[in-house]
Amino acid sequence: MELENDRYSLDGIDLLDLVDEYGSPLYVYSAKSIARQYQRLVQAFPLTDLHIKYACKANSNLNIMKLLRKMGSGLDTVSIQEVHLGLHAGFQASEILFTPNCVSFEEIEEAVGLGVNINIDNIAILEHFGHEYQDQVPVCLRINPHVLAGGHAHIQTGHIDSKFGISIHQIRHVMRVVKANHIRVEGLHMHTGSDILDPDVFTRAAELLFDIAIEFEHLRYIDLGSGFKVAYRADDVTTDIEQLGKVLGNRFKVFCEAYGRDMQLWFEPGKFLVSEAGILLVKTNVVKQTVSTVFAGVDSGQNHLIRPMFYDAYHHMTNLSNPKGVQRIYSVVGYICETDTFAYDRKLSEVRVGDVLAMHNTGAYGFSMSSNYNSRPRPAEVLIEDGKARLIRKRETWKDLLTHQLYADQD
Ligand SMILES: *Cc1c(COP(=O)(O)O)cnc(C)c1O
C-alpha cells in the first residue's frame, strides 16, 4: 500500500475509489504480490525440479488459482470439491495433489477417477486402497514426523495427539501393508503445520523423511508441505526462505545421490503465496464510547475474517480515510452478535463514522473461511492485475441466502 497526497493506493489503484465503486466490505488482492512471493520461493531453491503446489484452501477464488497456474504452480487440495475447482480452473489432474483427512473412501475413489495424485494419511485407508487398486494407482504417504513447529496450538499438526498423517513410528507396519498389497508409493509427504519460525524444524523433519525414503524403491517426489510464516506485525520474525532454500536445496541434492536417482521436491504453500496480497476494506458504522474503552464498530465481523477470533491472529490496520488524524486507541469490533473483536487497544488515526479501515494480510484464510452467520452476505472480491482492478466475485445479497432453502409448507 502506498500513501500519496493523503490517498492510499495498492499497485496504483486508489482504495477509497474501489470502496465507492464496489461497496464494503471488500476483499482486494494484488496479483503483483502473489507473483513476487511465487518467484521468491522458486528462486530460493537451487534445484531444477522444484514443484510448488499452491494450497488452495487459503484462497480458492478461481482467478487466484488461475493466476498461480499461469506462473507454473500445481495445486494442493484437501476436499474433492477443491479438486473439482482446480480442474475447473484449468489445472491438469497430474498437477493436483489430493491430501484429504478423515474423508470417506468413496471420496478417495472419486479422486482416483479424476486422475489426481492421492496422498494417504491413515494405515487403514492405505490397506483398503491397496486391496482395491494394488499397483495400478500410485500413492503418496503423509507421514507425521512428530517434529514440533511454532505457531498457535490450533495450527500445529505435528504433535503426538494430531489427527494428521501416519506416525513415523508406524513405518514398519506401513512397509508390511505396502509389500503385501504391491502398493506403488511414489511420494512421501509431511506438513507440520502453519507458522514454522525455525528453518531447523523443516530440516529436522526432512531428515527423518529422507531416512525412511531409502526403504521405498519407486519414489518420484518428496513433498515437504508448508508452514512458511509471513509477517503479520511489522517486527514479526518470518521464515527465512532464502536461507531455507539454500540449506534444504543442497541437502536434497545429497539425498538424491544417496537414493541413486533424481527426484522432485514439492512444497505446498498457501499463506506464503497469498496472505500479504490481500486486504479487507471495511467501513466504520459506529464509534461507541463505553466506560472501559472506545469501540470502532465496522460493517464486517467474524463472518468475513475469523482469524483474530479463532487463532488470536494479529492483523495490522490502517484508517484509510484519515491519514493525518491524531493517534487514538480503539477496540475494533464487528457487527455480529458474538464478541467478534478484530483488535484490542489498537492505535489508529482517529476513527470517525464512515471511515474505511484496511485490515492487512488477509489474502489467506480470509474469504475462504467466511460464512453467512447472522444471515449476512459475504463480501465481494477484487483483483488488481496489470494496473487494473477487476471484480472477481460478486457481493452476495440476502437473496443468495434463499438459494438452497425449501418451502416445507408448500408441497
Ligand atoms: C493448509 C495446508 C497447507 C498450507 O499451509 P499454509 O500455512 O497456508 O502455507 C499445505 N499443506 C496441507 C496439507 C495443508 O493442509
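Residues numbered from 1 in each chain as written. Predicted model: local features only at pLDDT ≥ 70, side-chain atom pairs only at ≥ 80, totals over all residues. Heavy atoms only, no water.

For the rest of this paragraph, the subject is the overall build of the chain. In terms of regular secondary structure, the chain is built from 11 helices and 21 strands. A compact globule built from 411 residues should have a C-alpha radius of gyration of about 22 Å, and the chain, at 23 Å, falls within 12% of that. Seen through its principal axes, the chain has C-alpha atoms that stretch 70 × 65 × 45 Å. The buried share of the chain, reckoned over its 411 residues, is 55%. Expressed as a percentage of contacts within the chain between residues at least 6 apart in sequence, the contacts between residues at least 24 apart total 68%. (Helix = DSSP H or I, 4+ residues; strand = E, 2+ residues; numbered from the N terminus. Rg over C-alpha atoms; globule rule 2.2 N^0.38 Å. Buried < 20%, exposed > 50% of the residue type's maximum accessible area, 1.4 Å probe, protein only. Contact = heavy atoms within 4.5 Å.)

A separate point is the layout of surface pockets. Its volume calculated, the second largest pocket comes out at about 280 Å³. Lining the second largest pocket are 13 residues, with M1, L10, E276, I279 and H360 sitting closest to its centre. Among the elements of the structure, α2 (31–44) and β14 (278–289) are those that each provide at least two residues to the lining of the second largest pocket. In terms of residue count, the dominant contributor to the lining of the second largest pocket is α2 (3 residues). (1 Å grid on protein atoms, 1.4 Å probe; cavity = no way out; pocket = protein on both sides within 12 Å on 5 of 7 lines; lining within 4 Å. Points joined across faces, edges and corners; volume = space filled by probe spheres on them.)

What follows covers the packing of aromatic side chains. For the structure shown, the criterion picks out 14 aromatic pairs. Ring geometry for F45 versus F267: centroids 4.8 Å apart, planes at 40°, classification tilted. Taken as a pair, F45 in the loop between α2 and β5 (50–55) and F267 in strand β13 (residues 264–267) lie far apart in primary sequence, 222 residues in all. As far as burial versus exposure is concerned, F45 and F267 are alike and both buried. Ring geometry for F255 versus Y259: centroids 5.9 Å apart, planes at 35°, classification tilted. Within this pair, F255 and its partner Y259 are both found in helix α9 (residues 241–259), separated by 4 residues, close to a single helical turn. Classification of Y259 by relative accessible area gives buried; the value is 15%. (Phe/Tyr/Trp six-rings, centres within 6.5 Å; stacked < 30°, edge-to-face > 60°.)

Now for the pattern of salt bridges. Overall, the coordinates contain 12 salt bridges when judged by the stated rule. Three or more residues are tied together by salt bridges with common partners; here these are R7, D14 and D17. (Salt bridge = Lys/Arg side-chain N within 4 Å of Asp/Glu carboxyl O.)

We now examine a nonpolar patch on the surface. A cluster of nonpolar side chains, contributed by W398, L402 and Y407, occupies part of the molecular surface with about 350 Å² of accessible area. Mapped onto the secondary structure, Y407 falls in the segment after β21 (388–393). (Patch = residues over 30% accessible without salt bridge, like charges linked within 9 Å, V, L, I, M, F, W, Y side chains within 5 Å. Areas by Shrake-Rupley, 256 points an atom, 1.4 Å probe, with all protein chains shown as cover.)

Treat this as a map of the structure, not an account of what it does.
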